[in-house]
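Working through the structure, step by step
Residues per chain, in single letters:
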Amino acid sequence: DTAVSQTPKYLVTQMGNDKSIKCEQNLGHDTMYWYKQDSKKFLKIMFSYNNKELIINETVPNRFSPKSPDKAHLNLHINSLELGDSAVYFCASKTRDGNTIYFGEGSWLTVV
Amino acid sequence: DAKTTQPPSMDCAEGRAANLPCNHSTISGNEYVYWYRQIHSQGPQYIIHGLKNNETNEMASLIITEDRKSSTLILPHATLRDTAVYYCIVTLRTSYGKLTFGQGTILTVHP
């Protein structure tokens, strides 16, 4: 049973396209995240939702729009994709207390 | 969050203990030390965390110095599957999971 699952795992798309990455967690957590890992392997937080409410929004271009239809799902939609958006995007969720975070397996996005 | 300093890489022989150090000299009194690791092509995985006491779980032990300015993650019997990047993160318990990952330590376990 996958705790945090995200789809697709691999995505190759052209510049200018719009794409979405979906994430679901079956852990019953209230808080979910999107993290981005760039080509230099730095891992940075992008967004966080708690019970469908946005609580963290780092300096991310507004082409990136997270959507949380319910607390088990947090999707990431990206408009007008650029070459620099190529990265691995990790979805994650957290227990109510502390900072024990469970990450998904990642979605490898390549923009050509 | 306090800044952490880790060696960029370390080697360990399979079956031996792997001791990964982390310096966090600017840690504040209410900040915790968390360790995560990332195996190649996988998402980061939580290992262990602590405030000031030493901690142990099924994966590892965490030793925090008395002044809390440094800590050591110990994998008691390293296996090849422990080859990964290990991240030491200092953060408030109430940081809403906003973890600041540094470059970490690349641990290579060899036969």
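I will try to describe carefully the structure that is included in this document. (Residues numbered from 1 in each chain as written. Chains lettered and ligands numbered in written order. Predicted model: local features only at pLDDT ≥ 70, side-chain atom pairs only at ≥ 80, totals over all residues. Heavy atoms only, no water.)

1. So, the overall build of chain A
On a plain count of helices and strands, chain A comes out with zero helices and 11 strands. Sequence-ordered secondary structure for chain A, helices as α and strands as β, is β-β-β-β-β-β-β-β-β-β-β. Against the compact-globule benchmark of 13 Å for 112 residues, chain A has a radius of gyration of 13 Å, which places it among compact chains. Reported as C-alpha extents along the three principal axes, the dimensions of chain A are approximately 40 × 25 × 25 Å. (Helix = DSSP H or I, 4+ residues; strand = E, 2+ residues; numbered from the N terminus. Rg over C-alpha atoms; globule rule 2.2 N^0.38 Å.)

2. Remarks on the state of the cysteines
For the structure on display, the rule yields two disulfides over all chains. One disulfide bridge connects Cys23 of chain A with Cys91 of chain A, the sulfur atoms lying 1.8 Å from each other. Between Cys23 of chain A and Cys91 of chain A the disulfide shows an S-S torsion of about -80°. By sign, it is left-handed. Of this pair, Cys23 of chain A sits in strand E3 (residues 19-25) while Cys91 of chain A sits in strand E9 (residues 87-94), placing them 68 residues apart in sequence. Pair check on accessibility: Cys23 of chain A and Cys91 of chain A agree, each one buried. A sulfur-sulfur separation of 2.1 Å characterises the disulfide bridge that pairs Cys22 of chain B with Cys88 of chain B. Across the disulfide from Cys22 of chain B to Cys88 of chain B, rotation about the S-S bond amounts to roughly -80°, and the bridge is consequently left-handed. Residue Cys22 of chain B is found in strand E2 (residues 18-23), and its partner Cys88 of chain B is found in strand E8 (residues 84-92); the two are separated by 66 residues along the sequence. On the basis of relative accessible area, Cys22 of chain B is assigned to the buried category, the value being 1%. Here Cys12 of chain B stays free of any disulfide, with the sulfur of Cys22 of chain B as its closest cysteine sulfur at 18 Å. (Disulfide = S-S within 2.5 Å. Buried < 20%, exposed > 50% of the residue type's maximum accessible area, 1.4 Å probe, protein only.)

3. Remarks on the pattern of salt bridges
Residue and element names in this part refer to chain A. One pass over the structure, following the stated rule, counts five salt bridges over all chains. Residues Arg63 and Glu82 are paired through a salt bridge, measuring 3.5 Å at the closest nitrogen-oxygen approach. Remark: Glu82 occurs in the loop between strand E8 (73-78) and E9 and Arg63 occurs in the loop between strand E6 (53-57) and strand E7 (64-70); sequence separation between them is 19 residues. Note on Glu82: relative accessible area 41%, which makes it partly exposed. Members of the salt-bridge network, linked through shared partners, are Arg63, Glu82 and Asp85. (Salt bridge = Lys/Arg side-chain N within 4 Å of Asp/Glu carboxyl O.)

4. Notes on the interface of chain A and chain B
The interface of chain A with chain B comprises 23 residues on the first partner and 21 residues on the second. Roughly 1700 Å² is buried in total at the junction of chain A and chain B, and carbon and sulfur atoms are behind 53% of that figure. Taken together, the links from chain A to chain B amount to one salt bridge. Notably, a salt bridge pairs Lys98 of chain B with Glu58 of chain A, separated by 3.1 Å at the nearest N-O pair. (Contact = heavy atoms within 4.5 Å. Buried area = accessible area lost by both parts, 1.4 Å probe.)

5. Comments concerning the environment of Ala60 of chain B
Relative to the helices and strands, Ala60 of chain B resides in the loop between strand E5 (55-56) and strand E6 (61-64). Setting aside anything within four residues of it in sequence, one finds Ala60 of chain B in contact with Ile47, Ile48, Glu55, Leu73, Ile74, Leu75 and Pro76 of chain B.

6. Structural notes on the pairing of E7 of chain A
Residues and elements named next belong to chain A. Pairing between E7 and E8: five bridges, direction antiparallel. If you follow Phe64 over to E8, its bridge partner there is Ile78. What sits between E7 and E8 in their antiparallel hairpin is a turn of two residues. (Pairing = 2+ DSSP bridges.)

7. Points about the environment of Leu81 of chain A
Residue and element names in this part refer to chain A. Summarising the element assignment, Leu81 is placed in the loop between E8 and E9. For the pair Leu81 and Asn17, spaced 64 residues apart in sequence, the C-alpha to C-alpha distance is 5.4 Å. Those residues in contact with Leu81 that lie beyond four places of it in its chain are Thr13, Gln14, Met15, Gly16, Asn17, Lys19, Arg63, Leu109 and Val111.

8. Let's talk about the side chain of Arg63 of chain A
Residues and elements named next belong to chain A. A residue is classified by how much of its surface remains accessible, and Arg63, at 13% relative accessible area, is buried. There is a polar contact of 3.2 Å between the side chain of Arg63 and the backbone oxygen of Ser80. Looking at Arg63, its side chain comes within polar contact range of the side chain of Asp85, at 2.8 Å. The residues touching Arg63, leaving out its near neighbours within four places in the chain, are His77, Ile78, Asn79, Ser80, Leu81, Glu82 and Asp85. (Polar contact = N/O pair within 3.5 Å; in protein donor to acceptor, adjacent residues only side chain to side chain.)

Honestly, that's just the spatial picture; any functional story needs more than this.
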